[in-house]
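Fold and contact review
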Amino acid sequence: MSKIIRIGTRDSELALYQAKAVQSQLQVLGHQTVLVPIKSTGDIVLDKPLYELGITGIFTRTLDIAMLNGDIDIAVHSLKDVPTLLPNGIVQAAVLKRGNVRDTLVFKNNEEFLGSREATIATGSLRRRAQWLNRFPTHTLVDLRGNVNTRLQKLEDSDWNGAIFAAAGIGRLDLRPEDAVNLDWMIPAPAQGAIMIAALADDEETLAILSEINHPETEICTKIERAFLNKLEGGCTAPIGALAFIKDEELTFEGILLSKDGTKKIQVKRVKAVGEHHDIAEWCANYILDRGGNRLMDELKESHIPTNIYSTKSLTEDQRFLFNEKVKAESSDFVKISLNRIHPRFVKNEIKNVVITSQNAVEALLNNYSAIELQFKNIYCVGRRTKKMIEKRIGKVTHTEKNAKKLAQYLVDFIEGTEVTYFCSDLRLDDLPSILKENNITVNEIEAYQTKLDSISLPESIEGVMFYSPSTVQSYKKENDANGIAFCIGETTAKEASKHFKDVRIAKVPTVESVIELVNQHYMS
């Protein structure tokens, strides 16, 4: 491979160990690599239990965004931290041979407390907490967060009797104390002990390379465990354990679902011959659900929190899955788009300079003409996703900016000629055409689509509204007062929201997922 493979990783010591393990295997194959450490939300927020943060994929989302933005080529994760549904465009490319799957109890002084009525055990895992309380109901469980070194030091400095760790984690860092014992009775998290590498679905060259370091047996077992988790619809907020292993051509699976306090437990074990195991995850999940698991999962998911966030754009199921557990979000499209017929006279000849500020304009153009018919010499656009869509379906983009105003300022300095053709909506901001006209650049506006405002009145419980364009703000204001927080996808949207809202916040990246991240940050503070 000619390019250097950029390996994205969290910057904790354990994450870097795992990334270096992948790096080492790739270098043995003769590939150049470089590590790109990135701090995640899960590493930053250490004052709350992981399950209270309620963000599925808390340790992976930052790397997902970096990969989709082209900042890294692959991402290395602990597979147990990865949501069972990966973001669109990202796939599991490989999994390394699994380490120790078990949980480990690190204790102080001795293990006599295990026979005592009173003891204090530390863990940040809801699954470990529930299983421990099921076995030792009179013990006290306290929260423990931070990297492995931090947690070991907290145990040392405390009056706790012990703390629970993943055996693989303390083993990989060579930090396992003598006073430690594996908890063979505790069913681990699905895919615990496995290192996974994610890559872009369309990066065929990288996927082919990573397939060479994939460990098939680990892939089979972790796939079953994660399928079981997915069937139960559980994440970090549900106490679910799963373990599959292969021995003597037989695959054994154990699964468990508990209430948070450990008082309720539903467990399953099944053995199938390798090759006949393909339905084992679904069978075991159904076994759990049919024996009270459905009711238990409903109890775990049930929330009395009223809807407190509203999105002015319909959210996908994957996007809904990203919200903090303190957020109950609803959504609908406050703006409806109608694509116009674009007359052939506008595109029959080559256009020297084309301006496109939204994906809707791209859809309108392609709804009327094929890419071959669109003879555009220079294409200027707003937004990374619009750029990606144009280059995938029409042709190369000459230049892109984050918003229309910045694009106009760029064109004033660098445009080839003194005329642009602007494919826009019937509702659009004045920034771009005004700046260009003030600088003697002719703007030929072509209405590619119409924007219909379709607002609804929102309940009083709404504390924040998610906006994705100035039009969504305008639509919202038709039926609602500007109360609460305006979470905005970009600066242009925020400018419109600032006319009405006192508290306006802007996402770091112009994506729906980044706006969700902005909402989550507010509810973690």
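Please read all numbers here as calculations on a predicted model, not as lab measurements.

A look at the environment of Ser-471
- Mapped onto the elements of the fold, Ser-471 is located in helix H16 (residues 470-479).
- Classification of Ser-471 as buried rests on a relative accessible area of 11%.
- Note: C-alpha distance between Ser-471 and Leu-200 (271 residues apart in sequence) is 33 Å.
- Apart from the residues lying within four places of it in its own chain, the contact partners of Ser-471 are Val-335, Leu-427, Thr-451 and Leu-453.

Some details on the sheet that holds strand E13 (residues 265-273)
- Spatially, three strands are ordered E11-E12-E13 in an open sheet, and the strand pairing comes out antiparallel. Each having just a single partner strand, strand E11 (240-247) and E13 make up the two edges of the open sheet. On average, each strand axis in the sheet is tilted by 10° relative to the strand beside it, whichever way the strands run.
- Here eight bridges tie E11 to strand E12 (residues 250-258), and the two strands are oriented antiparallel to one another. Bridge pairing in E12 links Ala-242 to Gly-255.
- Contacting E11, E12 and E13, helix H9 (residues 216-232) crosses the sheet at an angle of about 150° to E11.

Examining the pattern of salt bridges
- Summed over the entire model, instances satisfying the criterion amount to 19 salt bridges.
- Across the pair Asp-203 and Lys-3 runs a salt bridge, and its minimum N-O distance is 3.8 Å. Taken together, the residues span a long stretch of sequence, with Asp-203 in the loop between strand E10 (195-200) and helix H8 (204-211) and Lys-3 in the segment before strand E1 (5-9) at a distance of 200 residues.
- With a relative accessible area of 15%, Asp-203 lands in the buried category.
- Here Lys-3 falls in the partly exposed class, since its relative accessible area comes to 33%.
- Through salt bridges with shared partners, a single ionic network connects Lys-3, Arg-6, Asp-73 and Asp-203.

How each quantity is defined
Residues numbered from 1 in each chain as written. Predicted model: local features only at pLDDT ≥ 70, side-chain atom pairs only at ≥ 80, totals over all residues. Heavy atoms only, no water. Helix = DSSP H or I, 4+ residues; strand = E, 2+ residues; numbered from the N terminus. Buried < 20%, exposed > 50% of the residue type's maximum accessible area, 1.4 Å probe, protein only. Contact = heavy atoms within 4.5 Å. Pairing = 2+ DSSP bridges. Axes fitted to C-alpha atoms, helices over the stretch in contact; angles between N-to-C directions. Salt bridge = Lys/Arg side-chain N within 4 Å of Asp/Glu carboxyl O.

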